[in-house]
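Here are the chains, one letter per residue:
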Amino acid sequence: MAVCRRVPPLLLLLMSIVLYVHPIRGQKLPNNAIVKSVVSVDVPAQNQGGVAAGINGPVVVALPPRKRTSGWKLAEEGACRDDLTRLCPKHSWNNNLAVLECLQDKKEETEIAADCNHLLWNYKLNLTTDPKFESVAVEVCKTTINDDVHSQGEVIACLEKGLVREAEEQPGAHAIRDECKKAIMRVAELSSDDFHLDRYLYFSCREDRERFCENTAAGEGRVYKCLFNHKFEEAMSERCREALTTRQKLIAQDYKVSYSLAKACKADLRKYRCSMDTNMPRAREARLSYLLLCLESAVHRGRTVVGECQGEMLDYRRMLMEDFSLSPEIVLHCRGEIEAHCSGLHRKGRTLHCLMRVGRGDMAAIDSLCQKALQTLIQEADPGADYRIDRALNEACESVIQTACKHIRNGDPMILSCLMEHLYTEKMVEDCEHRLLELQYFIARDWKLDPILYKKCQGDASRLCHTHGWNETSELMPPGAIFSCLYRHAYRTEEQGRRLSRDCKVEVQRILHQRALDVKLDPELQTHCMTDLGKWCSEKTESGQELECLQDHLEDLVAQCRDVVGNLTELESEDIQIETLLMRACEPVIQSHCHEVADNQIDTGDLMECLVQNKHQKEMNDKCAVGVTHFQLVQIKDFRFSYKFKMACKEDVLKLCPNIKKKVDVVICLSTTVRNDTLQDTKEQRVSVKCRKQLRVEELEMSEDIRLEPELYDSCKQDIGRLCQNVAFGNAQVIECLKENKRQLTQRCHHRMFKLQEVEMMDPELDYQLMRVCKQMIRRFCTEADAKNMLQCLKQNKNSELMDPKCKQMITKRQITQNTDYRLNPVLKKSCKADIPKFCQSILNKATGDSELEGQVVSCLKLKYADQRLSPDCEDQIRVILQESALDYRLDPQLQVHCTDEISRLCPEEAAAQEQTGQVEECLKFNLLKIKVEGCKKEVLNILKESKADIFVDPVLHTACALDIKHHCAAIPPGRGRQMSCLMEALQDKRVRLQPECKKRLQDRIDMWSYAAKVAPAEGFSDLAMQVMTSPSKNYILAMIGMGVCVLFLFGLLCGRITKRVMQEQKDR
C-alpha cells in the first residue's frame, strides 16, 4: 500500500471532475470500437452507508456527446435496450448495478450485442472513480490517499484494503458499513473477468504481466490466475505482489471476485445447494471457504463435480496453503505466534508450516483459537486429497516421491501414505520428514481429512459412530472421536458383533500404523499424556521411544493417560504390525521364520508369538530383539496386553483369579490351579483346555528372561549387579548366572532361585537354557518322552556317543543341582517319601524352610543304601545317584563341600581333566592317608563303604573286572554286595584266574577297606557284617564264628539238662 497524505474533500472533487472530462490514459479500446464520450450523471438518493443504492457513475456510451443529465440509466441506452428487454426483469431496470449484474450473468449463456458489451466494459472501467466511493474513502483512507495519483484506482484499492484490515481486525482499522462493503465487493466482482478493470492492480502489475504472462490473453480472469501462480517468484515486484494478495483476500471473502471460479463452479454450486442454507448469513455463504467445503463434501461423497470446477478449486486450495494471510482467522488469531516464531517466512507456505510446527508443540504453546484456525484451514484446503496443494511439502518431498513413491500416480492421495511408510527410513530426507509430520498432525485430528479413510469408512462411521456430512460436525461426536470409535469396532470379535467392513478395517489399520511412528499423531495420547510425557519421557527424543517410555511407566501415569496407553497396548497385542518401526526392524526374522503368519495374520497375536519364539535366531538383530523384549515386559503389567492369553483365559481368570490384573500373577494363579488339580487327580480340571495350552506358552516365554518374572527380578536385582553385571538379559543367561553363583546370593534371592529351580525340576520344559542347549538332543533321544520326564530321558542318554557335549554339560549341571536337595529331584522325592522321614528326620529338623540341604538327605539315603535298609523304589533311585556321582565327583554335594581344597591339593590333574570316569574319587581313595580335613576323610570313607554294597558304585573297579563278572558272577544279580562278594571269593579261590587289572584293583580295595575299618569302626551290626563279608579272611572269620556258635549251642544244651534235673528234684521234695 502506498504511503499517502490526507487529501481535502475539495481537492478530491476537483480531481474527480478532471477525470470525468479526460479519458483515462493508457486504455486501449478495441479497433472496431466507435468513438465514445464520457457522460457523468448524478445520483439523487444515497443510502445509509453513503453509497447510492444503485451506484451510478461515469459511463462511456456509443452515442454522440451530450450533457450530463440527472438520473442516467443503463437501461435507457440504445446499445443494450434489446438485450435488456430480452434478458433482464423489468423491476431491475432502474438499478444500474442490477442491470450490469444481469447482463454479466446472461452473456455466459447467450450472445449479447457487441456495442452493449463495449458499453458495459467501459462502465465497469470508470465505475471505480465514482465520487460516492471517494466520499467513503475520505474517512476510511484519509491517511492513505495520494493527492496526485488516486485517480488510477487508488480510491477503490484503498477501500478494498480497508475492507481486508477490518476483516483481519488490524489495529487502526475503520468500520465500513455493510452497504458499502457490498458495493466494494460488487465492484471487485465486476472487475474479475479482465484485470484491466482493476486499475490499481493493472498499474501495479503492468511490468510483471509482461514478464510472466505475456502470452496470456486478457479476459475470463486468465491474467489474474497467471499472476497468482507467479506471486512468490523472486522477480515479482512487491507492489504487484501486494495488490495480488489484496485481491486474493477479497476472493477469500467472496468467491465471486474470482471470475473463473464463479463461472466454472456455478452449476455445481446450484446442483449441490451450496447457497441454500437460510440459517446462514449471506456473507458466509459467499466465502471461498464455504464454497470449498461444500463442493469438497460432494466430491468426498462420490458426487460428480465438473473437472473445470475441480481444477479451479485445486488452484485456490493451493493458494490458501501458500499464503497464510489469505485466511483472516489465521491472521487474527495467530498474530502472536507468527510474530514470535514465524516472522519472515511468508512465501511458499513456510509460515503456515511454521505455525503447524508450533501447533504440534515442537516450539512453544499455541493459542487454542490459532490451533482451531489452523485445523479449519487444513480442512478447507484439504491437502490430504492431493499433496501438491501443499507447496512446502511438495518441494521438500519431491526427491523422496521420485524414488520411494514413483509407482503411485502423481497427485494420488496414497502419496502421503507412501511418504509415511518411508518415514525414518534411509530414503526419507529431513526437510520432508518435518513437513510431513507437521501436516499429518492436523490430518490425524480429523478423520475426514484422510480421503481414502473417509471413502472406505463413511458408511461404517455413519452406522456405528453416528457421523454427519463431510463438512458437518457434532458436539456429541467430534472429528477426533470418530476414529477412536472406528478402531474400537475394528478389533471386535464376531461374537461381539457390529464389526467394520473389511475395506474400512484395512484403512483403520493403515492409520494406526502411521500413528505408531510418532506419539503426536495420536490425538488422544497427546491430549491426555502431555504431562506424563514431560515428567517421565523428556529425554526420549528418538522415534517410537515416547510410547515405549509411557508403557514402561504405566503404573505411574495419571488415570486418563494410563487408560489411553493401556488401550493402545492392548490393541498392539492383537495386531503388532501397528508397531511400524518394530516391523521394519524385524523384517529379516519375519521373512525367514514368520512370513506365513505375517501374510495371513487375522488379528490374533500370532506374529508377536512367532517373534518371541524366534527371538534368538541368527536373523534377529538387536533392534528387533530389544523391541520384542520390551513388548514382553509391557505385557506382564496386565494380562489384557497379551491378546492370545486374554482371549483363551478371560473366562478362567474371571472365575478363578478375580481382581488380579498383572499377567505374571494371573499366570501363577492359573498354573497353581492346574498343578493342584493334577496332583489331586481331579477328574475335571478347573482351567479350560484352551487356557491350559496358552498358559503353557506364557510360562515358556516367561522363563526366557528374568525380567519377565518381576518378583524374582526385584529380589535378585542387587545380586545381578554384583555377580552378573556383564551378562546379557535374554536366553535365560542371567538366571543361569545366578544358579552358578547361588552360594554367593543374598538370602532373599537364594530363596527365590530355589523356588524357581523347584518348579523347573518338576517341569523341565520351563528350564529355558536346558531346552535351548539340548534342543537337538531332545529331538534325537526324547521325541516320545513326556515333557515332565524330559530331564530324566536326557540323563539316561547322557553318556551316549551321539550326545552333544554342550548338552551333556548342561545335563550335568542339572544333576548337580538335583543332588544338592532331594526337593529338586521330583522322582527321588516321590520314591523315597517314606524313607526320608524314617531315616533322615534329624536332618530335616535342623533345616529351615528357606535353606538348601546341600545334599545331606541324599548322603543320608546313600548310607542307608549301603546298610540295605531302603525301600525298593528308593533303593533304585539311590543306586542311580551313586552310580552317577561315582563317575563325576561334582554330583556329590557333600564331597564338594568338604573336599574342594583336598582335591585341588591332591588331585589337580584329575579334576582339571573333567573326565567323568571316576578318576577324582579314585585319587582321593588312594590318597586317603594324606587327607587332612576330617570332613573330607569321612566322605571318602563313606564312598568306600557305599562301594561295598554295589560294584556299580565303583566305576574303576567295575571297568577293570567287567570280564570277570561276566565269566564268574553272571548268574548273580547286582545289588546288596552280591557281585562284590562273588569277586572276593574268586580272588581267594586259587583255581580261579582273574584279570590282572581286576585282581590288582580288588587287592587295592581290600587294603582300603582294612584301613577304613581301623579309622572308622563299624557303627552297627550291618557295618560289621559288611566288613566281614568283604574281609580277605572271611572264611576264617566265618568258621570261627560258626565254631563259637556251636560251642554256645552245646553249652546251652548241657546247661539246659542240668537246669531241668535241678528243677525236677525241687518239685519232688
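Relevant structure appears above.
The structure presented is a predicted model; accordingly, all values stated were derived computationally and were not measured. Along each chain, the written sequence defines residue order, and numbers are assigned to residues from 1. In view of the model being predicted, local features appear only for residues whose pLDDT reaches at least 70, and side-chain atom pairs are presented and counted only at 80 or more, with totals across whole chains, interfaces and linings using the full set of residues. Only heavy atoms go into the side-chain values, all of them from the structure, while hydrogens and water stay out.

Trainee: Pulling in residues and values, what's your account of the state of the cysteines?
Mentor: A covalent bond between the sulfur atoms of two cysteines is referred to as a disulfide. Sulfur atoms of two cysteines make up a disulfide when they are within 2.5 Å. By the definition in use, this model includes 27 disulfides. Covalently, Cys-457 is tied to Cys-504 through a disulfide, its sulfur atoms 2.0 Å apart. Of note, the bridge from Cys-457 to Cys-504 carries an S-S torsion of about 110 degrees and is right-handed in sense. With Cys-457 in helix 25 (residues 451-465) and Cys-504 in helix 27 (residues 502-515), this pair connects stretches of sequence that are 47 residues apart. Like Cys-457, the residue Cys-504 is buried in the burial classification. Shown here is the disulfide that connects Cys-529 with Cys-561, its sulfur atoms set 2.0 Å apart. One disulfide, between Cys-529 and Cys-561, carries an S-S torsion of 110 degrees and so falls in the right-handed class. Here Cys-529, found in helix 28 (residues 523-536), pairs with Cys-561, found in helix 30 (residues 559-574); they are 32 residues apart in sequence, far enough to count as distant. The two residues Cys-529 and Cys-561 agree in class, both being buried. Going along the chain from the N terminus, every DSSP run of H or I of four or more residues is numbered as a helix, and every run of E of two or more is numbered as a strand. When accessible area is computed with a 1.4 Å probe and restricted to protein chains, residues below 20% of their type maximum are described as buried, those above 50% as exposed, and intermediate ones as partly exposed.

Trainee: An account of the nonpolar core is needed here, citing residue identities and associated values.
Mentor: Among buried residues, the Ala, Val, Leu, Ile, Met, Phe, Trp, Tyr and Cys ones that are joined through side-chain atoms within 4.5 Å form a nonpolar core. Counting residues in hydrophobic clusters, the biggest one holds 98 residues, and the most contacted among them are Leu-288, Leu-295 and Leu-419. Residue contacts follow a heavy-atom distance rule, with two residues in contact if any of their heavy atoms lie within 4.5 Å. Among residues more than four places away in sequence, those in contact with Leu-419 are Cys-397, Val-400, Ile-401, Cys-405, Met-428, Cys-432 and Leu-436. Counting 36 residues, the second-largest nonpolar core is a separate cluster that includes Val-940, Leu-983, Leu-1002 and Ile-1006.

Trainee: Hey, could you go over the side chain of Glu-760 for me, with residue numbers and the actual values?
Mentor: On the secondary structure map, Glu-760 appears in helix 40 (residues 747-762). Accessibility expressed as a relative area gives 6% for Glu-760, which makes it buried. For Glu-760, the side chain forms a polar contact with the side chain of Lys-739, separated by 2.6 Å. The definition of a polar contact used here is a pair of N or O atoms within 3.5 Å, where within protein one atom must be able to donate a hydrogen and the other to accept one, and adjacent residues in sequence count solely through side-chain atom pairs.

Trainee: So what's going on with the side chain of Asp-323? Which residues, and what values?
Mentor: Within the element layout of this structure, Asp-323 appears in the loop between helix 16 (307-322) and helix 17 (328-333). Setting aside anything within four residues of it in sequence, one finds Asp-323 in contact with Lys-231, Phe-232, Thr-245 and Gln-248.

Trainee: Break down a nonpolar patch on the surface for me, with residues and values.
Mentor: A cluster of nonpolar side chains, contributed by Leu-1038, Ile-1041 and Val-1045, occupies part of the molecular surface with about 250 Å² of accessible area. Within the secondary structure, Ile-1041 is located in helix 59 (residues 1034-1068). Residues enter a patch when their relative accessible area is above 30% and they make no salt bridge; the linking distance is 9 Å between like charges and 5 Å between nonpolar side chains (Val, Leu, Ile, Met, Phe, Trp, Tyr). Areas reported as accessible are Shrake-Rupley estimates using a 1.4 Å probe. Residue values count occlusion only from the protein chains shown. Any Lys or Arg side-chain nitrogen found within 4 Å of a carboxyl oxygen on Asp or Glu counts as a salt bridge.

Trainee: Can you tell me about helix 40, naming the residues and giving the values?
Mentor: A helix is expected to span 1.5 Å multiplied by its residue count minus one. With 16 residues, helix 40 extends 23 Å between its outermost C-alpha atoms, agreeing within 8% with the 22 Å of an ideal straight helix rising 1.5 Å per residue. Taken together, the buried positions of helix 40 are occupied by Cys-749, His-750, Met-753, Phe-754, Leu-756, Gln-757, Glu-758, Glu-760 and Met-761. Here the buried face of helix 40 lies against helix 38 (710-723), helix 39 (733-740), helix 43 (790-796), helix 44 (805-820) and helix 45 (826-831).

Trainee: Quick rundown of helix 36 (residues 663-679)? Include the residues and the values.
Mentor: Between its terminal C-alpha atoms helix 36 stretches 24 Å, which fits the 24 Å expected from 17 residues at 1.5 Å a residue. Taken together, the buried positions of helix 36 are occupied by Lys-663, Val-664, Val-666, Val-667, Cys-669, Leu-670, Ser-671, Thr-673, Val-674 and Asp-677. Structurally, helix 36 contributes buried residues whose contacts are with helix 34 (622-635), helix 35 (643-656), helix 37 (689-702) and helix 38. Just beyond helix 36, the residue with positive phi is Asp-681, at close to 50 degrees.

Trainee: Got a sec to walk through the pattern of salt bridges? Specific residues and values, please.
Mentor: Applying the stated criterion to the full structure yields 63 salt bridges. A salt bridge links Arg-686 to Asp-677; its shortest N-O distance comes to 3.1 Å. Arg-686 sits in the partly exposed class, given a relative accessible area of 42%. Three or more residues joined by partner-sharing salt bridges are found here, namely Glu-922, Lys-925, Asp-954, Glu-997, Arg-1001 and Arg-1005.

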